[in-house]
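A structural walkthrough
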Amino acid sequence: ELALKSLGSEGLFLFSSLDTNNDLYLSPEEFKPIAEKLTGVTPVSEFEEEETPDPSGETLSIVAKFQPLVMETMTKSKDGFLGISHVALSGLRNWTAPAAPMNVMLARQFKAFLPPKNKLDLGDPWWIIPSELNIFTGYLSNNRFYPPPPKGKEIIIHKLLSMFHPRPFVKTRFAPQGAVACIQAVSTFYYTIAFRIHAEFQLNEPPDFPFWFSPGQFTGHIILSKDSSHVREFKLFVPNNRSLNVDMEWLYGASESSNMEVDIGYLPQMELESTGPSTPSVIHDENGNVIDSRDPSGEPIQFVFEEITWQQEIPWEEAAQKLEVAMYPFKKVSYLPFTQAFERAKAEKKLVHSILLWGALDDHKPLSASLPMPGSGRTLRETVLESSPILALLNESFISSWSLVKELEELQTNRENEFYSKLADLHLEKYNFPVEMIICLPNGTVV
């Protein structure tokens, strides 16, 4: 009460967003984001000081490609963003380009992607950054503006995502958090590592209220030497194959319990890619002497890299599915695309178990609920759908599918296939926001 009286509601809101341990005292570390904002000076952090480049180490050039969210895909755009202040969306509207279009990083920094010694089988997933949340632990505070300092293997993820925006949170507010990886291919000296990352960004700063931007997932691969001295290839991206791939949430008041708006939208492009293999920062001749990085004509020396012969490998789709199951145990059941599910059900004479949602079932976002609530997709996937007896029942007796409402609305108006249009129509008749689970016959009749 004294703090509220002294600071006012908005002042207390800002104080609380910085007071990460809720002890009503700002330590120097907690005050650091405001100090940097006021002075314009960003001191070199401890982990950066520890990463003094090895003079003989290799460096990797990475470019960021970014196309901003298509505002027209937000559901709020249908009424012209009626009732939504321009300030609330300012961070989103102003984010039109990557924070760092290009960055040069040390190859050794990618050591975090190497597998532990007990995870050397193809497709056997491990956690780069473990998820610390579940349905019982709840979620992290929405009332935050500045990410906590990254530690350990979080550092490389934080550096990469900072190329898009200066405020990435490598641990999301909702489960499943973190980053998971598996070996996709192996040779004598190299691995191809597939990975999946759940992270989000805070687009606003004080005095505005928080605005959370949560891509469904980041995925990609890295080809690196087993001693991490050389990176042959790196790519990270947000999948854009579905009509909606980003969740957004923003507060309308100076407290955790303030009203929160939720929306979803489509992000056409968000990716990082290496421009080529990592190369030595210093070049030595056969006698160990440092030589010029340019030839006599002044052109940069061209490196020739040996071709990698893979001894074992699995398809990208299989690796991605292994990572998905690691993040979401409910995906031990195969979820087919909507129309394929009915074709399979007809062929195998099974019922269709269909889930219809406003937001995706297998992305880390909370699916239309800023708080877990009965009937939300998040609650569904972390309780009922992860139950061992339910998994066994679905695998044995049903063909499963999940769909976005938006996708079925588009299918409903597609008159090129009347049967598919009718299936979509039957589903949408039964839909209740935010999620509906439906059991039906192969002809679409709801049981």
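Residues numbered from 1 in each chain as written. Predicted model: local features only at pLDDT ≥ 70, side-chain atom pairs only at ≥ 80, totals over all residues. Heavy atoms only, no water.

Describing the sheet that holds strand β8 (residues 211–215)
Consider a sheet: its strands pair through backbone hydrogen bonds, and that pairing is either parallel or antiparallel. If you trace the five strands from one edge of the open sheet to the other, you get β4-β7-β8-β11-β12, paired in antiparallel fashion. In this open sheet, the two edge strands, each paired with only one partner strand, are β4 (168–169) and β12 (260–265). The sheet contact formed by β4 and strand β7 (residues 200–202) spans two bridges and is antiparallel. Among the inter-strand pairings, phenylalanine 169 is bridged to a residue of β7, identified as glutamate 200. (Pairing = 2+ DSSP bridges. Helix = DSSP H or I, 4+ residues; strand = E, 2+ residues; numbered from the N terminus.)

Brief notes about the sheet that holds strand β18 (residues 335–336)
Taken together, four strands build an open sheet; the order of strands is β18-β20-β19-β21 and the sheet is mixed. Each of the sheet's edge strands pairs with one partner strand only, and the pair in question is β18 and β21 (435–440). Relative to β21, strand β19 (residues 351–357) runs antiparallel, the two sharing six bridges. Looking at β21, one finds that leucine 356 is bridged to glutamate 436. Sheet strands in contact with helix α10 (residues 405–412) are β19 and β20 (398–404), and its direction is about 90 degrees off that of β20. Helix α11 (residues 418–430) contacts β19 and β21 of the sheet and is inclined by roughly 130 degrees relative to β21. (Contact = heavy atoms within 4.5 Å. Axes fitted to C-alpha atoms, helices over the stretch in contact; angles between N-to-C directions.)

Some words on the nonpolar core
Core analysis: the largest hydrophobic core is formed by 55 residues, its most contacted members being Phe110, Phe113, Phe164, Phe213, Phe218 and Phe234. Judged by nonpolar contacts, the second largest core, of 45 residues, contains Leu251, Ala341, Phe398 and Trp402. (Core = buried A, V, L, I, M, F, W, Y, C linked by side-chain atoms within 4.5 Å. Buried < 20%, exposed > 50% of the residue type's maximum accessible area, 1.4 Å probe, protein only.)

With respect to unusual backbone geometry
Residue proline 176 is reached from alanine 175 by a cis peptide bond, and omega for that bond is -5 degrees. Among the secondary structure elements, proline 176 is positioned in the loop between β4 and β5 (178–186). The linkage connecting proline 206 with the following residue, proline 207, adopts the cis geometry, with an omega of 10 degrees. Secondary-structure assignment places proline 207 in the loop between β7 and β8. Within the chain, serine 228 stands out as a residue other than glycine whose phi angle is a positive 60 degrees. Considering the arrangement of structural elements, one finds serine 228 in the loop between β9 (218–225) and β10 (231–237). In this model, lysine 349 sits at a positive phi of 55 degrees, which is unusual for a non-glycine residue. Its location among the elements puts lysine 349 in the loop between α7 (338–348) and β19. Using a relative accessible area of 75% as the deciding quantity, one classes lysine 349 as exposed.

Overview of the packing of aromatic side chains
One pair of aromatic rings is described through two measures. These are the centre distance and the angle between the planes. By the definition in use, this model includes 19 aromatic pairs. With a centroid separation of 5.1 Å and 65 degrees between ring planes, the pair formed by phenylalanine 338 and phenylalanine 342 is classed as edge-to-face. Residue phenylalanine 338 and its partner phenylalanine 342 are located together in helix α7, separated by four residues, close to a single helical turn. With respect to class, phenylalanine 338 is no different from phenylalanine 342; both count as buried. Within the aromatic cluster, the residues linked to one another by ring pairs are Phe66, Trp95, Phe164, Phe201, Phe213 and Phe218. (Phe/Tyr/Trp six-rings, centres within 6.5 Å; stacked < 30°, edge-to-face > 60°.)

Brief notes about the packing of α7 against α11
The geometry of a pair of packed helices is captured by two quantities: the angle between their axes and the separation between those axes. At a minimum axis distance of 11 Å, the contact between α7 and α11 shows a crossing angle of 100 degrees. Taken together, the axes of α7 and α11 lie roughly perpendicular to each other. Side by side, α7 and α11 meet where Phe338, Thr339, Phe342 and Glu343 of the first sit next to Tyr420, Leu423, Ala424 and His427 of the second. Of the residues belonging to the contact of α7 with α11, the class tally is five nonpolar, two polar and one charged. (Parallel < 35°, antiparallel > 145°, perpendicular 65-115°, else oblique. Nonpolar A, V, L, I, M, F, W, Y, C, P; charged D, E, K, R; others polar.)

Considerations on the confidence of the model for the protein chain
Overall, the prediction assigns the protein chain a mean pLDDT of 84, with 82% of residues at 70 or greater. Per-residue pLDDT stays below 50 along residues 41–50; that stretch engages in ten contacts with residues further than four places along the chain or on separate chains. Scored below 50 in pLDDT, residues 365–375 makes 39 contacts in the model with residues more than four places away or belonging to other chains. (pLDDT = per-residue confidence, 0-100.)

Side note on the side chain of threonine 73
Considering the arrangement of structural elements, one finds threonine 73 in the loop between β1 (58–67) and α4 (90–94). Of note is the side chain of threonine 73, whose polar atom sits 2.5 Å from the backbone oxygen of valine 70. When residues no more than four places from it in sequence are discounted, the contact partners of threonine 73 are Leu244, Ile264, Gly265 and Tyr266. (Polar contact = N/O pair within 3.5 Å; in protein donor to acceptor, adjacent residues only side chain to side chain.)

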